[in-house]
Amino acid sequence: MKENAHKEPKQKPSGRAPKEHVTNRLPKTLAREAWLKSKEKAISATRTKSDSNYTSAQEMEEYAVQQAEAHLEDGALFALRKTGTVTKDRFTLKNEPDEPLQDDPMYGDAPEPGEKKATARETSGSDPHATAKKEQKRRVAQKQSRDVKARQQRIKKSTRGVRGVDRDQKQFRTAANTARKEKQARQAAQRTQRMIYRAQQAARESAEAAKKVIAVIRSAIQHLLAVLQSLAAALIAGGWVTVFVILLICLIALVAGSAYGIFFAAESPDENAISVQEAVELLTEEYRDRLEEIENSVDYDRQEIESNDGSYAIAWQDVLAVFASQTSGDANGAAVAYLDEDNVDRLRTVLWNMNELDWRTESQTQEVEQTNEEGETETTTITETVLIIELTHHTPEEMRETYHFTDRQNEYLTLLSDEDTTILWGELLGGFVQGSGELMTPGMDTVFADGALQWPLPVEGTITSPQGYRTDPITGEISYHSGTDIAVPEGTPILAAADGTVTIANATDSWGGSYGYYVKIDHGGGVTTLYAHCSSICVTAGQQVQAGQVIANVGHTGRATGAHLHFEVRN
C-alpha cells in the first residue's frame, strides 16, 4: 500500500502587498446570485404561461428570449443595487481607518487585522504622490456612489410606476365588477317589475271578470223583479194564463240551462268548451277572412260598404239572442251555459243567416283636387273601379219567421232582446264601459262643417291624414279617405261634436266592417258624425247626447295601424 505522505499546511507567502478590493468590479457571489435569480424567473414565467396560444415554434422561441431579456435586466438592476450598497460600505470604511472592517458574506473572508493596520500605516505617510492617489480614489468612489444612488432612485421610481399600473388595473377590475353587479341588479329589478306588472294585469282581468259576473247577476235580478211586478199585476187582474207564462219566464231566468244561460258562458268550466267571447272572436275572424277573400279576388281602386240598416258591424247581441232562444227553446233543447263544438256550429249558422254578404264592382268618375309641382291646386278627373261590399242584416223578428220559432222560443227571444240587455251584451263582449254623461271642454279651437261641429277630443291631437284622397298607410296605394285621422294616446275620451241622437253604437263587433268599435250620431239637418277605432264605447243606440259629452275612448280596433280617432263628417 502507498503510504500517506505528511503534507505541510499551505501558508500565505510573506512580504506580498495586501490584495485590494476593486470597487468597480462585480463580486462573483453577487453575479452568481443575480444570474440564478434571473434564470429562475425566466423558467417560472415560461412554465406558468398556460393561457398562451403559440402558433409556431418560432413564436415560442421569441417569447422565451423576451422573457429571458426582461428577467436578466431585473437581475442586473438587483446587482447594481447590491453593488451600490457594497461600494458605499467600502467608502465609509476607508474614511474611518480606526474601525475594523466587518465580515462581508458577499466578498468571502475579510482581511486580517494585521493587513488592515499595515495598509493604514503605509497610507498615513507624508508622501505627496500617495496622498494624491488616495484623493483620486476617494473622488472615484464618491462618483460611483452618486451614480449608484441615481440608479437606485430610477429603480424606485420604476417600481412605483409598476405598482401604480397594478393599482390602476385593480381599480379597473373593481369598476368592472361594480358595473356587472349593477347590471345584474337592474336585470333583477326589471324581472321584478315584469312580475309585478303581470300580477297587476291578472288582478285587473280578475276584477273585470268579476264585474261582468256581477253585471250578469244584477241584470238577472232586475229581470226577476220586473217579472215579479208583472206577476203581481196579473194576479190582481186575474189573468191566470198570463200568471202561468210569467212564472215560466221567471224560472227560466233563474236557471243557467235556459236561454238566459248564455250570459253565464263568459267563463266556461268545461275544458272541451269555450267562452262566449272566444266564440265571438273566432267567428268574427272567419267573417273578416271572407271579406278579405273578396277584396283579394278583384282589382279595384276604392272600396265602399253598403248595408240595409246603415250599420257595418255584426249585431252580435241579436245573433246570440237568436242562437240561445233557438237552442234552448227547442223540444230537445241543449244548454247554452257553455259553448261546445256543436253549439259553436249552431252559432256559426245563425251568424251567416243573419249577416248575408255579397259584392259588386262599378266604375265611378270623380273630380279630384291635387297640388302640382309648382304648388298650385288643379282639378283632375279620375275614373275609378269601386268595390262595393253589400251587407244584408236580418233582425231577430225576421228570424222568428225564418226559423219558425215555437212559443217557448219566442218567449226566450223576447226576454233576451229587451232593451235593458243592450248594456249587458256590450259588457259581456267587452266593448262597453260605464262613463257616459261627463261633459268636457274641447282641447282645440278647430271646428268642422263651417263651425257647426267642435273638436271631438279634450286634448290637442295631430291630424295624420285629412279627409280626401291620400296614400293608404296599409296598402301604400292612393285611395280615398272618408274621414280625418287624429293621433292621440289610447284611452283618450272621445267627445260628441254637437248635440244629437246616437243611431249606431257598436260595442260587440271588434272588426265593425274595418271601423272596429264605433259610434254614429245624427245631429239633424242631414249632418251625421262617425267616431271609429274606439277601444270601448259608453253610449247606446237611441241615447240623446250633448256637445262635449264623453261617448267613447280612443283605441285601434278594426283596420288601424295605431291608436287614433277616425272622425267622419257626412252631410
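Values in this document were obtained by computation on a predicted structure and should not be read as measured data.

(A) Geometry of the overall build of the protein chain. Of the regular secondary structure elements, the protein chain holds 11 helices and 14 strands. Of all 571 residues assigned to the protein chain, the portion counted as buried reaches 33%. Taking all contacts inside the protein chain whose residues are at least 6 apart in sequence as the whole, residues at least 24 apart take part in 68%. Carbon and sulfur atoms make up 51% of the accessible area of the protein chain, which totals about 35400 Å².

(B) Seen up close, the side chain of Asn355. Here Asn355 is to be found in strand β2 (residues 355-371). Apart from the residues lying within four places of it in its own chain, the contact partners of Asn355 are Tyr287, Ile314, Val319, Thr392 and His393.

(C) Structural detail: the packing of helix α7 (residues 316-329) against helix α8 (residues 341-354). The geometry of α7 relative to α8 is characterised by a closest axis approach of 9 Å and an angle of 130° between their N-to-C directions. The angle between α7 and α8 falls in the class oblique. Of the two possible hands of crossing, α7 and α8 adopt the one that is right-handed. Along the contact surface, α7 presents Trp316, Asp318, Val319, Leu320, Val322, Phe323, Gln326 and Thr327, while α8 presents Asn343, Arg346, Leu347, Val350, Leu351 and Met354. Each residue belonging to the contact of α7 with α8 can be placed in one class, and the counts come to nine nonpolar, three polar and two charged.

(D) Local environment of the environment of Ala507. Structurally, Ala507 is set in the loop between β9 (500-506) and β10 (517-522). Here Ala507 falls in the buried class, since its relative accessible area comes to 7%. Along the sequence, Ala507 and Ser536 sit 29 residues apart, while their C-alpha atoms lie 6.8 Å from each other. What Ala507 contacts, discounting residues up to four positions off in sequence, is Gly426, Gly431, Phe432, Tyr517 and Ile537.

(E) Summary view of the pattern of salt bridges. Evaluated as defined, the whole model comprises 15 salt bridges. Between Arg290 and Glu293 there is a salt bridge, with the nearest N and O atoms lying 3.6 Å from each other. Placement of both Arg290 and Glu293 in helix α6 (residues 276-297) is noted, with a separation of three residues, approximately one turn of the helix. What makes Arg290 partly exposed here is its relative accessible area of 32%. Glu304 serves as the salt-bridge partner of Arg302, at 2.6 Å between the closest nitrogen and oxygen. A relative accessible area of 7% places Arg302 in the buried class. Since its relative accessible area comes to 27%, Glu304 is described here as partly exposed.

(F) Inspection of the environment of Tyr480 at higher detail. Take Tyr480: it is sitting in strand β6 (residues 478-481). Counting along the chain gives 13 residues from Tyr480 to Gln467, while the straight-line C-alpha distance between them is 7.9 Å. When neighbours within four sequence positions are excluded, Tyr480 is seen to be in contact with Arg302, Gln467, Gly468 and Tyr469.

(G) Main features of the nonpolar core. Trp316, Val319, Leu320, Val322 and Leu347 are the most contacted members of the largest nonpolar core, which has 36 residues in total. Looking at this core, the elements with two or more residues in it are α6, α7, α8, β3 (377-393), α9 (396-403), α10 (407-416) and α11 (421-429). Setting aside chain neighbours within four positions, we find Val319 in contact with Ile314, Leu347, Val350, Leu351, Met354 and Asn355. In terms of nonpolar packing, the next biggest core, distinct from the first, is built from 28 residues, Trp455, Val527, Val539 and Leu565 among them.

(H) Expanded view of the packing of aromatic side chains. Tallying each qualifying case throughout the model produces eight aromatic pairs. Between Phe448 and Phe567, the ring centres sit 5.1 Å apart and the planes meet at 65°, which makes this aromatic pair edge-to-face. Highlighted residues: Phe448 in the loop between α11 and β4 (462-465) and Phe567 in strand β14 (residues 565-570), separated in sequence by 119 residues. Neither residue differs from the other here; Phe448 and Phe567 are each classed as buried. A network of ring pairs unites the aromatic residues Phe448, Trp455, Tyr531 and Phe567 as a single cluster.

(I) Structural context of a negative patch on the surface. On the surface, a cluster of negative charge is made up of Glu373, Glu374, Glu376 and Glu378. Following the sequence through the fold, Glu376 ends up in the loop between β2 and β3.

(J) Focus on unusual backbone geometry. The backbone of Asp450 sits at a positive phi, close to 60°, despite the residue not being glycine. Locating Asp450 in the fold gives a position in the loop between α11 and β4. For Asp450, a relative accessible area of 85% puts it in the exposed group.

(K) Up close: the confidence of the model for the protein chain. Considering every residue of the protein chain, the mean pLDDT works out to 74; 58% of them sit at 70 or more. Element-level mean pLDDT values for the protein chain span from 44 in helix α3 (residues 113-123) up to 96 in β10. A low-confidence stretch, residues 20-24 stays under pLDDT 50, and its non-local contacts, those more than four residues away or across chains, total eight contacts. Below pLDDT 50 for its whole length, residues 97-125 participates in 20 contacts with residues either more than four positions away or in separate chains.

Cut-offs applied
- In every chain, residue numbers begin from 1 and rise along the written sequence.
- Note on the predicted model: pLDDT of at least 70 is required for a residue's local features to be given, and 80 or more for side-chain atom pairs to be given and counted; whole-chain, interface and lining totals, by contrast, use all residues.
- In computing side-chain values, all of the structure's heavy atoms are included and hydrogens and water are not.
- A run of DSSP states H or I qualifies as a helix once it reaches four residues; a run of E qualifies as a strand once it reaches two. Both are numbered from the N-terminal end.
- Only protein chains enter the area calculation, which uses a 1.4 Å probe; residues under 20% of their type maximum are buried, those over 50% are exposed, and those in between are partly exposed.
- Throughout, a contact is declared for two residues whenever any of their heavy atoms are within 4.5 Å.
- Computed with the Shrake-Rupley method and a 1.4 Å probe, the accessible areas treat only the protein chains shown as cover for residues.
- Every axis in this analysis is a line fitted to C-alpha atoms, fitted for helices over the stretch in contact. Angles between the N-to-C directions lie between 0 and 180 degrees.
- Angle categories: roughly parallel below 35 degrees, roughly antiparallel above 145, roughly perpendicular from 65 to 115, and oblique for all the rest.
- The crossing is said to be left-handed when, going from far helix to near helix, the turn is anticlockwise and less than a right angle, and right-handed when the turn is clockwise.
- Basically, the charged four are Asp, Glu, Lys and Arg, the nonpolar ten are Ala, Val, Leu, Ile, Met, Phe, Trp, Tyr, Cys and Pro, and anything else, Gly included, counts as polar.
- Every case where a carboxyl oxygen of Asp or Glu lies within 4 Å of a side-chain nitrogen of Lys or Arg is listed as a salt bridge.
- Buried Ala, Val, Leu, Ile, Met, Phe, Trp, Tyr and Cys residues that are joined via side-chain atoms within 4.5 Å together make up what is termed a nonpolar core.
- Aromatic rings from Phe, Tyr and Trp, with only the six-membered ring used for Trp, were paired whenever their centres fell within 6.5 Å, and each pair was classed as stacked if the ring planes differed by under 30 degrees, edge-to-face if by over 60, and tilted otherwise.
- Candidate patch residues must exceed 30% relative accessible area and have no salt bridge, after which like charges are joined if within 9 Å and Val, Leu, Ile, Met, Phe, Trp or Tyr side chains if within 5 Å.
- Charge counting follows a simple rule: Lys and Arg are positive, Asp and Glu are negative, and His as well as the terminal groups are ignored.
- By convention, the point assigned to a charge is CZ for Arg, NZ for Lys, CD for Glu and CG for Asp.
- A residue's pLDDT is the predictor's confidence in that residue, given on a scale from 0 to 100.

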